[in-house]
Amino acid sequence: MTRADANDVPRPDAQLHFGVFFQGVNHWTIWSDPSSGSQIDPATFLRVARTAERGLFDAFFLGDGLRLRESEGGIHELDVAGRPDSIVQLSALAAATERIGLVSTSNTTFNEPGDLARRLAGLDLLSGGRAGWNVVTTHNAWTGENFRRGGFLDHADRYRRAEEFLSLARAVWNGWAEGAVAGSADARSWSVPGAVGRVRSRTDLFDVDLAPTLPRSAQGHPVIFQAGDSGEGRDFAARNADVIFSAHGTDFDDALAFAEDIRRRLRAAGRPEDALRILPGTEIIIGATEKEAEEKARWVRLGQVTPQVALGIASRLWGFDLSGRDADGPLPAEDPVVAAYDGKFGTRQLGETLDTVAEWRAKADANGWSLRETVIELGPQRGHVGTPAGLAEKFARFVRHGAIDGFNVSPYLVPDGLDDIVELLVPELQERGVYRTAYTGTTLREHLGLAPVA
Amino acid sequence: MPRPALHLAVEIDGDGAHPAAWRRAAHSPGELLTPRRLAGVAAVAENAGFTLVTLDDSILPPGPVNGPASDPVGRIGAVERAAFVAASTSVLGVAPVVATTYAEPFHVSSQLASLDHVSAGRAGWVVGVEEDPAAARAWGRPVVEGADALAREARDGLRVVRDLWDSWEDDAVIRSVATSRYLDRSRLHAIDFTGETYSVKGPSIVPRPPQGRPVVLARPGLVPAGLADVALVGGATPAEAGEAAAAAGAPLAFAEIEVALDTPGETARERIADLERYAPWEGGPDRLRYTGSAAGLVDLLTELGGHVDGVRLRPLVLDEDLAVLSRLVLPELFVRRIAARPLPGTTLRTSLGLPRPLSRFTTDAAAALVEEETR
């Protein structure tokens, strides 16, 4: 598409928001490259966060996972694994950064609201109002084996627990009236009598009675993020979240359809359409020319999808171990099977799997692809490839048409993978008036342009 | 043979050891819960030359809410404060109080391992216990009642946390490009803990901490002596503290001392009397308490050096007493070589003269390799 008249779009003044997703456990981070640093050293986290802050990003995100992944009867060995506790890591970054938002992915199934709300509120105060909470749920008993409770939650109850959890957390965060602390040492008491409330809840899921220990932060309380893509997850986000992560940010029409669906759900939940920011996860690969960008993308894919990774992805699709096969040879001749649900990961439908494998076979035959090439071409698509100017033009269109509000960027290299974006893409976006040239607020809520907390 | 240098720790929770300390603080009451104030206290403690700061905690407010005692009822979680302090200092050890009475040991292990990572090996853990049944209601968990049950949750929690720290061998990340393996699964271990009240599978989600295991501090009797690195002992006199230290059975013992020092404007007694108008300074049971001049405290600490390995100071009012400790007490201890500042680039274990433990899951081959390297 050629450059449109900026006024001939639904949102001519829309601004693009960037977050950086420090993934931790994943195979998209190319750990095998010599320039790839430690995945646990605090200097790595600091470098990524400071680069993002230099690029005026809204937020730095950390993922969560409460049990190491497994495959073929043991711990999965191919991916980056091992990550810090997110609130601890972010509390440290709060001391070493100035403006960037700090978002923790924290699970509502294996935490308790009084404790987690307090930890997040602590991060929010220590960072001067820059905390966010990406609310995730789990129900599987396999993760539960690491916790006192074990696998205690029915699948159907995980969102119900999350919603009650969130409502309790909000009560904790709002537990102190404004000006709850005495103004001087001569006051009769440290807190103003009656200004500190209590939070009580007794349902079939929670039996809690506590006195909140913290005031509201500069942004009121942490910004709520959510990532569910199911109808249930989208409704949860429409009712509760300030920001939704999505997997709908590569294709314009797909992104727009998702955004319109979210806006419809927001209206149904009685919230304004602009109450929620949509930040799809993406990877951004930049080259000086389109050709260079494509070559770089090819290098990135080969680094991400090694022969062993390709066999691992194919093993999960086919439902049995293919690790002895030749990834540079043809696709397995066998039909896929679907193992009985073992409580570890999501269930799959055999019909869908058969369809996918049939499509892979057809395209591999037509193009002469090996198994590895097929995984690279047809596996999960990872984002945007182009020149700084081309990408800026494309992103401006996405955001001005209301298909997205920004991206949650996963760098394919850590810690240097954001450098290109900050140095080459951000200036192009700024030139098009679609990206801030300075932070205008101090809190994450202000960065995102969200309304103040009531 | 002289004992090695006395190790110096200081408790920096709230505004000081006295419940009304906030009335003499150098800041307005609300400033207590700000990053600026926390970073300020940490900077003073680090510059003074302390080896370690500890940070008290509970899910319950530090003082009774709207109660007659009028104490502060606000407190940021100790682990979050410790991580923040770690990132704003460079040589200071940081040890939050964390209780495993109701918390998930899996989370506690991850939090403390991560604190060790973000501090490059300066993390400690003061093993806490939530004795008040109100903590159970705040957590939303069934009450753990009675000394035996509280000790069981502390002990089991500590075992799980330690085993999870050990569950990644030090060299579990192999980054073998040729085989595409980032990890070697044979160097990661399920801990398969089964206690009376719960079980934990493992391994940890956090790679082994830089110190192998963060330094564990606990009062004697709460957890088995063999599982702690530092016993925090009481005793009304240096000799009693020495006896308690010998009985504790941990590698190191620190005496707990409450201190109120003379300042340029007022004597320690006057300062205490000022605060006694609001509330009594009850302090801990049979704990040492020193009230007086800086020189007198130097003498007391010198004497204590013959009985214990270290001290944990609990200043009456942080903003006042830390300044005197910083200007008059610690420099004198360093000049006399009674105590030593931590050296840049060292871990807390190294500062305390504690060895770095191998993972208990370490295979013979890996252990032999370590021995070869350290020979």
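Note that the coordinates shown come from a computational prediction; the quantities given were computed from them, not determined experimentally.

Looking at the overall build of chain B
- Helix and strand counts for chain B come out as 11 helices and 13 strands.
- In terms of overall size, chain B behaves like a compact globule, its C-alpha atoms giving a radius of gyration of 21 Å where 375 residues would be expected to give roughly 21 Å.
- Its C-alpha atoms give chain B principal-axis dimensions of about 70 × 50 × 40 Å.
- Evaluated residue by residue, chain B yields a buried proportion of 61% over its 375 residues.
- Long-range pairs, those at least 24 residues apart, make up 74% of the contacts in chain B with a sequence separation of at least 6.
- Accessible surface for chain B amounts to roughly 13,800 Å². Of this, 52% is attributable to carbon and sulfur atoms.
- Of the side-chain charges in chain B, 37 are positive and 49 negative, and the distance between the mean point of each set is 4 Å.

Some points on the confidence of the model for chain B
- Residues at a pLDDT of 70 or more form 97% of chain B, whose mean pLDDT is 94.
- For this predicted complex, the interface confidence reaches an ipTM of 0.97, while the overall pTM sits at 0.96.

Concerning the interface of chain B and chain A
- Taken together, the 75 residues of chain B in the interface contact 76 residues of chain A.
- In total, about 6,100 Å² of surface goes out of reach between chain B and chain A, with carbon and sulfur atoms giving 60% of it.
- It is Y182, R185 and I205 of chain B that lose the most area in chain B upon contact with chain A, and together they represent 12% of the buried surface on that side.
- Among the salt bridges present, the one from R118 of chain A reaches D57 of chain B, with a minimum N-O distance of 2.5 Å.

Topic: the environment of A255 of chain A
Residue and element names in this part refer to chain A.
- Mapped onto the elements, A255 comes out in helix α7 (residues 252-268).
- Judged by relative accessible area, A255 falls into the buried class, the value being 0%.
- Separated by 179 residues in sequence, A255 and H76 have C-alpha atoms that sit 32 Å apart.
- Sequence-distant contacts of A255, that is, excluding residues within four places in its chain, are made with H248, G249, F398, A403 and I404.

A word on the confidence of the model for chain A
- When the pLDDT values of chain A are averaged, the result is 92; 95% of them are 70 or greater.
- Within the model, the stretch residues 341-347 of chain A combines pLDDT values under 50 with 10 contacts to residues more than four positions away or in other chains.

Structural notes on the nonpolar core
- Counting residues in hydrophobic clusters, the biggest one holds 191 residues, and the most contacted among them are F18 and F60 of chain A together with F50 of chain B.
- Excluding anything up to four places from it in sequence, F50 of chain B contacts L8, A9, V10, A45, L92, L313, L322, L325, L330 and P342 of chain B.
- Of all hydrophobic cores here, the second largest spans 18 residues; its members include L311, L317, W318 and L371 of chain A.

Here we look at unusual backbone geometry
- Cis geometry marks the peptide bond from V414 of chain A to P415 of chain A, where omega comes out at 10 degrees.
- For L56 of chain A, which is not glycine, the phi torsion reads 60 degrees and is therefore positive.
- Tracing the backbone shows L56 of chain A in the loop between α1 (42-54) and β2 (59-62).
- Phi angles above zero are rare outside glycine, and A120 of chain B is one such case at about 55 degrees.
- The topology assignment puts A120 of chain B in the loop between α3 (105-118) and β4 (124-128).

Description of the pairing of strand β1 (residues 17-22) of chain A
Residue and element names in this part refer to chain A.
- Summarising burial for β1: 5 of the 6 residues are buried, a large majority.
- Of the strand pairs in this sheet, β1 and strand β13 (residues 406-409) are connected by 4 bridges, and their pairing is parallel. Note that in β13 the partner of H17 across the bridge is G406.
- Pairing of β1 with β2 involves 4 bridges; the strand directions are parallel. From the neighbouring strand, V20 faces β2, where its bridge partner is F60.
- In this view, the connection linking β1 to its parallel neighbour β2 by way of α1 has right-handed handedness.

Things to note about the packing of aromatic side chains
All names here are of chain A.
- Applying the stated criterion across every chain, the model contains 20 aromatic pairs over all chains.
- Geometrically, the ring pair formed by F61 and F225 is edge-to-face, given 5.2 Å between the ring centres and 80 degrees between the ring planes. Taken as a pair, F61 in strand β2 and F225 in strand β9 (residues 223-226) lie far apart in primary sequence, 164 residues in all.
- The exposure class assigned to F225 is buried, which follows from its relative accessible area of 1%.
- Aromatic pair W133 and F165: ring centres 5.7 Å apart, planes at 55 degrees, arrangement tilted. With W133 in strand β6 (residues 131-136) and F165 in helix α5 (residues 158-173), the pair connects residues that are 32 residues apart, well separated along the chain.
- You can call F165 buried: its relative accessible area is 0%.

Re the UniProt feature "binding site: FMN" (unreviewed entry) in chain A
All names here are of chain A.
- The positions that UniProt labels "binding site: FMN" (unreviewed entry) are, in the present scheme, D64, T105, H155, Y159 and S230.
- Along the chain, the position of S230 falls in the loop between β9 and α6 (231-240).
- Here S230 falls in the partly exposed class, since its relative accessible area comes to 36%.
- Looking at S230, its side chain comes within polar contact range of the main-chain nitrogen of G233, at 3.0 Å.

Side note on helix α6 (residues 238-248) of chain B
Residues and elements named next belong to chain B.
- For α6, the full list of buried residues reads P238, A241, G242, A245 and A248. Across the axial projection of α6, the buried residues extend over an arc of 125 degrees, all falling on one side. Away from its buried face, by an angle of more than 90 degrees, α6 presents the exposed residues E243, A246 and A247.
- Where the residues of α6 are buried, they touch β10 (230-233), β11 (252-261), β12 (288-292) and α8 (294-304).
- Note on α6: the residue one or two positions beyond its end, G249, has a positive phi of about 80 degrees.

Some thoughts on the packing of helix α12 (residues 388-400) of chain A against helix α13 (residues 419-431) of chain A
Residue and element names in this part refer to chain A.
- Between α12 and α13, whose axes approach to 9 Å, the crossing angle comes to 50 degrees. One element, α12, and the other, α13, form an angle in the oblique class. At the point where α12 passes α13, the crossing takes the right-handed sense. Side by side, α12 and α13 meet where P388, A389, L391, A392 and F395 of the first sit next to L424, L425, E428 and L429 of the second.
- Taken together, the residues of the contact of α12 with α13 break down into 8 nonpolar, no polar and 1 charged.

Focus on the pattern of salt bridges
- Applying the stated rule across the entire model yields 74 salt bridges over all chains.
- Between E77 of chain A and R185 of chain B there is a salt bridge whose closest N-O contact spans 3.9 Å. A residue pair is termed interchain when its members come from two chains, as with E77 of chain A in the loop between β4 (74-75) and α2 (86-96) and R185 of chain B in the loop between β6 (181-183) and β7 (193-194).
- When the shortest N-O distance is used, the salt bridge between D229 of chain B and R349 of chain B registers 3.2 Å. Of this pair, D229 of chain B sits in the loop between β9 (215-218) and β10 while R349 of chain B sits in helix α10 (residues 348-351), and the two are 120 residues apart along the sequence. Each member of the pair, D229 of chain B as well as R349 of chain B, carries the same accessibility label: buried.

Considerations on the packing of helix α3 (residues 113-126) of chain A against α5 of chain A
All names here are of chain A.
- Between α3 and α5, the least distance of the axes is 9 Å, while the angle of their chain directions is 55 degrees. Between α3 and α5, the crossing angle belongs to the class labelled oblique. Remark: the crossing between α3 and α5 carries right-handed chirality. Contact residues: α3 offers P113, L116, A117, L120 and A121, while α5 offers F165, L168, A169, V172 and W173.

Points about the domain arrangement of chain A
Residues and elements named next belong to chain A.
- Domain annotation of chain A identifies domain 1 (17-144 + 156-178 + 194-283 + 382-448) and domain 2 (291-378).
- When each unit is reduced to the centre of its C-alpha atoms, the spacing between domain 1 and domain 2 is 29 Å.
- Between domain 1 and domain 2, the residue contacts involve 20 residues of the former and 19 residues of the latter.
- When domain 1 packs against domain 2, the two sides together hide about 1,700 Å² of surface, and 60% of this comes from carbon and sulfur.
- In this structure, the connection of domain 1 to domain 2 is made through 2 salt bridges.
- A salt bridge links K296 to D420, with the shortest nitrogen-to-oxygen separation between them at 2.6 Å.
- The interface formed by domain 1 and domain 2 includes 4 residue pairs in polar contact (both at pLDDT 80 or more).
- Elements that contribute at least two residues to the side of domain 1 that touches domain 2 include exactly α4 (141-144) and β12 (383-386).
- For the side of domain 1 that touches domain 2, the class distribution of residues is 8 nonpolar, 5 polar and 7 charged.

Quick notes on the rules
Residues numbered from 1 in each chain as written. Chains lettered and ligands numbered in written order. Predicted model: local features only at pLDDT ≥ 70, side-chain atom pairs only at ≥ 80, totals over all residues. Heavy atoms only, no water. Helix = DSSP H or I, 4+ residues; strand = E, 2+ residues; numbered from the N terminus. Rg over C-alpha atoms; globule rule 2.2 N^0.38 Å. Buried < 20%, exposed > 50% of the residue type's maximum accessible area, 1.4 Å probe, protein only. Contact = heavy atoms within 4.5 Å. Areas by Shrake-Rupley, 256 points an atom, 1.4 Å probe, with all protein chains shown as cover. Lys, Arg positive; Asp, Glu negative; His and termini not counted. Charge placed at Lys NZ, Arg CZ, Asp CG, Glu CD. pLDDT = per-residue confidence, 0-100. Buried area = accessible area lost by both parts, 1.4 Å probe. Salt bridge = Lys/Arg side-chain N within 4 Å of Asp/Glu carboxyl O. Core = buried A, V, L, I, M, F, W, Y, C linked by side-chain atoms within 4.5 Å. Pairing = 2+ DSSP bridges. Right-handed = clockwise from strand over helix to strand, strands pointing away. Phe/Tyr/Trp six-rings, centres within 6.5 Å; stacked < 30°, edge-to-face > 60°. UniProt positions renumbered as here; feature names shortened; annotations may be inferred. Polar contact = N/O pair within 3.5 Å; in protein donor to acceptor, adjacent residues only side chain to side chain. Arc of directions from axis to C-beta. Axes fitted to C-alpha atoms, helices over the stretch in contact; angles between N-to-C directions. Parallel < 35°, antiparallel > 145°, perpendicular 65-115°, else oblique. Left-handed = near helix turned anticlockwise from the far one by under 90°. Nonpolar A, V, L, I, M, F, W, Y, C, P; charged D, E, K, R; others polar. Domains from an automatic or database assignment.

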